Amino acid sequence: MIDLKLLQKDFDGVSRALMRKKVTLETINTLKERSELLKTAKATFEASQAEQNAMSKLFGQYKREGKDINELKAKVDANKAKTAELQESMRQAEESLTTLIMGIPNTPDADVPDGESEDDNVEIKKVLTPKSFDFTPKEHWELAEQNGWIDFERGVKISKSRFSVSYADGARLERALINFMLDFNRERGFVEVSVPVIVNRRSLEATGQLPKFEDDLFKIEDENLFLIPTAEVPLTNFFRDEIISADKLPVLMNGYTPCFRKEAGSAGRDTRGIIRQHQFHKVELVAFTKQENSDKIFDKMVQTASDILTALELPHRLVQLCTGDLGFGAAKTIDLEVWLPGQNTYREISSISNTRDFQARRAKIRYKEGKKNLLVHTLNGSALAVGRTMVALMENGQNEDGSISLPKVLDKYL
RNA sequence: AGAGAGGUGGCCGAGUGGUCGAAGGCGCACGCCUGGAACGCGUGUGUAGUUUAUUCUACCGAGGGUUCGAAUCCCUUCCUCUCUGCCA
């Protein structure tokens, strides 16, 4: 949620930032109007309520002293009706503001490049050089089938399209990667956490998936519960409605979960293979920091994810997302894209975001600084998407006969 | 899933219509005491909005109702605990 006080104070600055995220000036103006309306409505109501409270107190006093209450009662009755009306209009103002603001994205950082789509993202650097093959490298689905690692048809039979089965060495590699990543992140200071993969509506509102993106989520019928699209949701909600003592910060977490996404709107994209599945494994980093430290922790998270790829000997690059590609809650995002020789391109394998206080304001996660309670900054990032890591290992490690050489860091996990 | 009990501040816990944002205790912070510490004593200690500030408003799981006035009465709902059932 964006900072309404800041909008009041620096309307031009905030609206300029929001317009970079394609929020129309009309919407921003409405937002400002509604927040001012609420403020006045609240003030009027509270004044009337104060009057009511004062008279009610008098009422008790009169009764105790045996005074006549008829006149007072008439006054109090009249004020009561007025107060109820004021309260109702305050409620309406509140509701219309909430509805609007919950759908407003975060403001991008000043240094985020402008752009329309992923084509305008800015490459920051490349790590490791893709090796050249003296044969035509295959795509991962071919290798996966040839090695008996992934069974696509049976995944569809058991569930539906965009589901697959990892099998034998494929399943073992998957598990090895999860363990490897969890250990790697833990050694970097991220405490391992295992969380529910089914969460309630409030949790998804806090992180920003709801109310706007309900169509992307698998919902449990009749329960008002949802399958998580990322461990970011349960991990970030760990501290929801809490005040963390400042000396505990930063809190760095690391968790593995399966993730579930409907992939509505991506029909026809990545239909072959396991690049885009309804269910996939991911190890996620989440951090809670003091406001002044989130940039530092952000860099640490990017470095950690990049180092995992390096340890796995996977060539990759860092890309800073432009405003047009930035997610709903993110102020700043760096994607890690891994080289896929079969596809002859870099593909996203991790996305690391600083949401600053956007999620913290929705989730009411604060810390105490002196006498004041401040919103934490929350950050999240994959380290890494497991399925896509398998894809990269297959395509980069393939030999001419279709067998696959795996990096030696995985030896002790296999 | 059935039966019962219950949800109050960081924690425990009192409070059945007004003087209750809420006794008391624990914890925590500061001060006194001490060579230093424990003990003891004193003071302070919820969140959010509003205001320059005092103030004021809201919050005793959530939502609604009764009333001039609700932590307290009524309704709905969520959650927790105990027993029974089921089950990794």
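The following paragraphs examine the structure supplied in this document. Being a predicted model, the structure only gives us computed values, none of them experimental. What you see as residue numbers is a count from 1 along each chain, following the sequence as written. Key to labels: chains lettered from A, ligands numbered from 1, both in the order written. Only residues with pLDDT of at least 70 get local features here, since the model is predicted, and only at 80 or more are side-chain atom pairs given and counted; chain-wide, interface and lining totals rely on the full set of residues. Only heavy atoms go into the side-chain values, all of them from the structure, while hydrogens and water stay out.

1. Structural notes on the sheet that holds strand 15 (residues 372-375)
Two strands qualify as a pair provided DSSP detects at least 2 bridges between them. Only DSSP runs of H or I covering at least 4 residues are called helices, and only runs of E covering at least 2 are called strands; the numbering of each starts at the N terminus. The sheet built from three strands is open, its strands ordered 8-14-15 with mixed pairing. The two strands at the open ends of the sheet, each matched to only one other strand, are strand 8 (243-244) and strand 15. As paired strands, strand 14 (residues 366-369) and strand 15 are joined by four bridges and run antiparallel to one another. Paired with Glu369 across the strands is Lys372, a residue of strand 15.

2. Some remarks on the protein's contact with RNA strand B
Put simply, a residue is near a molecule or strand once any heavy atom of it comes within 4 Å of that molecule or strand. Taken together, 21 residues lie around RNA strand B, and Asn53, Ser56, Phe59, Lys73 and Lys368 are the ones closest in. In the interface set of RNA strand B, defined as its atoms within 4 Å of the protein, sugar plus phosphate atoms amount to 73%. Definition of a polar contact: a pair of N or O atoms within 3.5 Å, with one able to donate and the other able to accept a hydrogen when the atoms are protein atoms, and with sequence-neighbouring residues admitted only if both atoms are side-chain atoms. At a separation of 3.0 Å, a sugar or linking oxygen of RNA strand B approaches a polar side-chain atom of Arg366. Contact between RNA strand B and Lys368: a phosphate oxygen at 2.7 Å from a side-chain N or O atom of the residue. No other element matches the eleven residues that helix 3 (residues 25-65) contributes to the surface near RNA strand B. Residue composition of the surface near RNA strand B, grouped by class: four nonpolar, six polar and eleven charged. In the scheme used here, Gly and all other residues not listed as nonpolar or charged are polar, with Ala, Val, Leu, Ile, Met, Phe, Trp, Tyr, Cys and Pro taken as nonpolar and Asp, Glu, Lys and Arg as charged.

3. A look at the packing of helix 7 (residues 169-187) against helix 12 (residues 386-397)
The geometry of helix 7 relative to helix 12 is characterised by a closest axis approach of 10 Å and an angle of 115 degrees between their N-to-C directions. Of the possible angle classes, the one that applies to helix 7 and helix 12 is roughly perpendicular. Relative to helix 12, helix 7 is oriented so that their crossing is right-handed. The segment helix 7 lies against helix 12, with Gly170, Leu173, Glu174, Leu177, Ile178 and Met181 engaging Val386, Thr389, Met390 and Leu393. In the contact of helix 7 with helix 12, the residues fall into seven nonpolar, two polar and one charged. Interaxial angles span 0 to 180 degrees and are taken between N-to-C directions of axes, which are lines fitted to C-alpha atoms, for helices over the stretch in contact. When describing relative orientation, an angle under 35 degrees is termed roughly parallel and one over 145 degrees roughly antiparallel, while 65 to 115 degrees is termed roughly perpendicular and anything else oblique. For any helix crossing, the convention is left-handed if the near helix is rotated counterclockwise from the far helix by under a right angle, and right-handed if that rotation is clockwise. Any two residues whose heavy atoms approach within 4.5 Å at even a single point are treated as in contact.

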